[in-house]
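# A structural walkthrough
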Amino acid sequence: MLLSKSFVPILKNNPSEAKIKSHQLMLRVGMIKQSSSGIYSWLPLGFKVMKKIEKIVREEQDKIGAQEILMPTIQSSEIWKESGRYEDYGEEMLRIKDRQNREMLYGPTNEELVTDIFRASIKSYKSLPQLLYHIQWKFRDEIRPRFGIMRCREFFMKDAYSFDVDDEEALYSYNKFFLSYLKTFKRLELTAIPMAADTGPIGGNLSHEFIILAETGESKIFTDKRIFEVESSGTLIEKKSLENLRNKYQEFYSVTDEKFNKEEFEKKVNKDNRLITKGIEVGHIFYFGDKYSKPMNASVDLPGGKKNFVKMGSYGIGVSRLVGAIIEAKYDEKNEIMKWPVSVAPYDLSIIPMVNKNDTSSLEKANKIYLELKKNNIDAIIDDTEENFSSKLKKMNLIGAPYQIIIGNQTDGDNLEFKEIGENTSKINLKSIIEKINKQKEKN
Ligand code: ATP
Ligand code: MG
């Protein structure tokens, strides 16, 4: 892709309306454009990153046997009246009337709709467990939308739902999602800590929020530092080992402010290990038993002829919020360098030719390199503008492709000036560059 032909509207300076670095950078390099309060269009750069995050989230859901569906954004109020949440949800719910005067709404979450889908078809315990998920836009009429796409009104979320025959099986499902979340965030190069949380309007009795540490986060957290050392790996999706994994985390006091209890904190965590800071909620999982299945009458036949309301859980990841969360975690604001994780970078590499007005040879070289990279599945962007080298480098440092090739007058023969963004250059040939990048991409 040539920068001159791409839709990447870069601003010279930080937009003054943005208060946190993710919002600043996203506006600065044209990843998003606000269309109205808390509602954004996603421009090519931002959309590419979000799609890559979505892909990773999807792969990790598929790995635990969750099945993807797609529910609509617009729902009927009927099912929400059945669950009793139509009144409870309050002003965050965007309510709409259709031309027949029927009450509709733009879904803020999907417990009711998925329960309705489930109960229509699944009748026997033999069909359980069922793990269903979708990745779809949500609308919540937040009282104070802020920080760009971090707290907006329309946002992109992965939400999954589990249906099980009893508590034991339901906890097994819960633990599968627990593990899959740890893996998802790890692939995004984020350290997300599961913290005991309140269940809020979703309701229920077991819940964890996945929080990444960031000064600009809106969740206040109280944690035992040792939780950062818990080894989150584990491929076994086996009941006991999953239970152990969750217990390992639960050994360390780690809660958000809603659950905070000073006495408990001071009793369980010695002074040196106490950490009180802020974080960004990127995921949230709940176990709530028959909270929805009972009022909505979603039951299955058991072996002895009895019936049981299914036990449910729900599991959200803020896919669009993650774009901002990764920036908060990775953007070096002082030096204005954004280094995207290879797994979600908008481009793998940027090519920066030093173009002289009368000599286009470096641009020709750049084009050749570009084609060779493309053949090897490496997605590059060439800054083909006529700006000087330092302003080109500045732009590319903001766009944040993790690798750069610089083509100057001295570039001759096979050796290219190559660098990881923000690091020093080394001279290596194109073949080695391709190998290096593809190896890095494979790791993911
Ligand atoms: P928050 O506490 O941040 O308001 P929530 O607890 O209301 O979030 P959940 O219902 O748990 O949100 O939704 C699952 C995930 O969706 C959250 O973990 C978050 O990543 C994302 N999310 C929720 N609300 C928003 C929003 N207004 N803008 C962007 N992402 C959001
Ligand atoms: Mg939440």
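Residues numbered from 1 in each chain as written. Chains lettered and ligands numbered in written order. Predicted model: local features only at pLDDT ≥ 70, side-chain atom pairs only at ≥ 80, totals over all residues. Heavy atoms only, no water.

A metal bound by six donors in octahedral fashion has ideal angles of 90 or 180 degrees, whereas one bound by four tetrahedral donors has an ideal angle of 109.5 degrees. Protein coordination at the magnesium ion (ligand 2) comes from E281 (OE) and H284 (ND1), with a distance range of 2.1 to 2.4 Å. Residue classification places E281 among the partly exposed positions, given a relative accessible area of 23%. (Donors = N, O, S within 2.8 Å, 3.2 Å for Na, K, Ca; no water. Buried < 20%, exposed > 50% of the residue type's maximum accessible area, 1.4 Å probe, protein only.)

Moving on, we get to the nonpolar core. In this structure, I53, F185 and W340 are the most contacted members of the largest nonpolar core, which totals 82 residues. If one sorts the elements of this core by residue count, helix α6 (residues 167–187) sits on top with nine residues. Domain assignment of the residues forming this core places at least three in each of domain 1 (21–332) and domain 2 (347–443). Those residues in contact with W340 that lie beyond four places of it in its chain are M31, V49, V323, I326, I327, A345, P346, I399, G400 and P402. Among the nonpolar cores identified, the runner-up in size contains 25 residues, and L105, V114, L132 and V300 belong to it. (Core = buried A, V, L, I, M, F, W, Y, C linked by side-chain atoms within 4.5 Å. Helix = DSSP H or I, 4+ residues; strand = E, 2+ residues; numbered from the N terminus. Domains from an automatic or database assignment. Contact = heavy atoms within 4.5 Å.)

The next point concerns unusual backbone geometry. Here the amide bond leading from L128 into P129 is cis, since omega sits at 0°, within 30 degrees of zero. If you trace the backbone, P129 turns up in the loop between α5 (111–121) and β7 (130–139). The backbone phi angle of N101 is positive, close to 70°, even though this residue is not glycine. When you line up the elements, N101 lands in the loop between β5 (94–97) and β6 (103–106). Using a relative accessible area of 55% as the deciding quantity, one classes N101 as exposed. The residue E189 is not glycine, and still its phi comes out positive at about 60°.

Assigned domains of the protein: these are domain 1 (21–332) and domain 2 (347–443). Averaged C-alpha coordinates put domain 1 and domain 2 at centres separated by 39 Å. Each side of the interface is counted separately: domain 1 has seven residues, and domain 2 has five residues. Buried surface at the junction of domain 1 and domain 2, summed over both partners, amounts to about 530 Å²; 61% is from carbon and sulfur atoms. Applying the counting criterion to the domain 1 and domain 2 interface returns one salt bridge. A salt bridge links K48 to D379, with the shortest nitrogen-to-oxygen separation between them at 2.7 Å. For the pair domain 1 and domain 2, the number of links is one residue pair in polar contact (both at pLDDT 80 or more). (Buried area = accessible area lost by both parts, 1.4 Å probe. Salt bridge = Lys/Arg side-chain N within 4 Å of Asp/Glu carboxyl O. Polar contact = N/O pair within 3.5 Å; in protein donor to acceptor, adjacent residues only side chain to side chain.)

A few words now on the sheet that holds strand β20 (residues 380–382). By way of backbone hydrogen bonds, the strands of a sheet pair with one another, either parallel or antiparallel. Pairing within the open sheet is mixed, and its five strands lie in the order β20-β19-β21-β22-β23. The sheet terminates laterally at β20 and β23 (426–429), the two strands that pair on one side only. With direction set aside, neighbouring strand axes in the sheet form an average angle of 35°. Pairing of strand β19 (residues 349–353) with strand β21 (residues 403–407) involves five bridges; the strand directions are parallel. Residue P353 lies in a different strand from β21, and its bridge partner there is I407. Contacting β19, β20, β21 and β22 (415–420), helix α10 (residues 361–375) runs over the sheet at an angle of about 165° to β19. (Pairing = 2+ DSSP bridges. Axes fitted to C-alpha atoms, helices over the stretch in contact; angles between N-to-C directions.)

It is worth spelling out the pairing of β21 at this point. Burial analysis of β21 places five of its five residues in the buried class, which makes it a mostly covered element. Neither face of β21 is left uncovered, since the one carrying Y403, I405 and I407 and the one carrying Q404 and I406 both have all their residues buried. Sheet analysis places β21 next to β22, joined by four bridges and oriented antiparallel. Bridged to I405 within β22 is F418.

Moving on: the side chain of S6. Positionally, S6 belongs in the segment before α1 (21–28). Judged by relative accessible area, S6 falls into the buried class, the value being 13%. Discounting chain neighbours no more than four positions away, the residues touching S6 are M1 and I381.

This paragraph deals with the packing of helix α2 (residues 44–63) against helix α9 (residues 319–330). α9 packs onto α2 with a crossing angle of 115° between their chain directions and a minimal axis gap of 9 Å. If you check the angle between α2 and α9, you find them roughly perpendicular. The interaxial crossing formed by α2 with α9 has right-handed handedness. For the pair formed by α2 and α9, the contact residues are V49, M50, I53, E54 and V57 on the first element and V319, S320, L322, V323 and I326 on the second. (Parallel < 35°, antiparallel > 145°, perpendicular 65-115°, else oblique. Left-handed = near helix turned anticlockwise from the far one by under 90°.)

Okay, the pattern of salt bridges next. Counted by the stated rule, this structure contains 36 salt bridges. A salt bridge links E435 to K431; the shortest N-O distance between them is 4.0 Å. Of this pair, E435 and K431 both sit in helix α12 (residues 430–442), separated by four residues, roughly a single helical turn. Each of the salt bridges in this network shares a partner with another, and the network as a whole consists of K55, E59, E60, K63 and R187.

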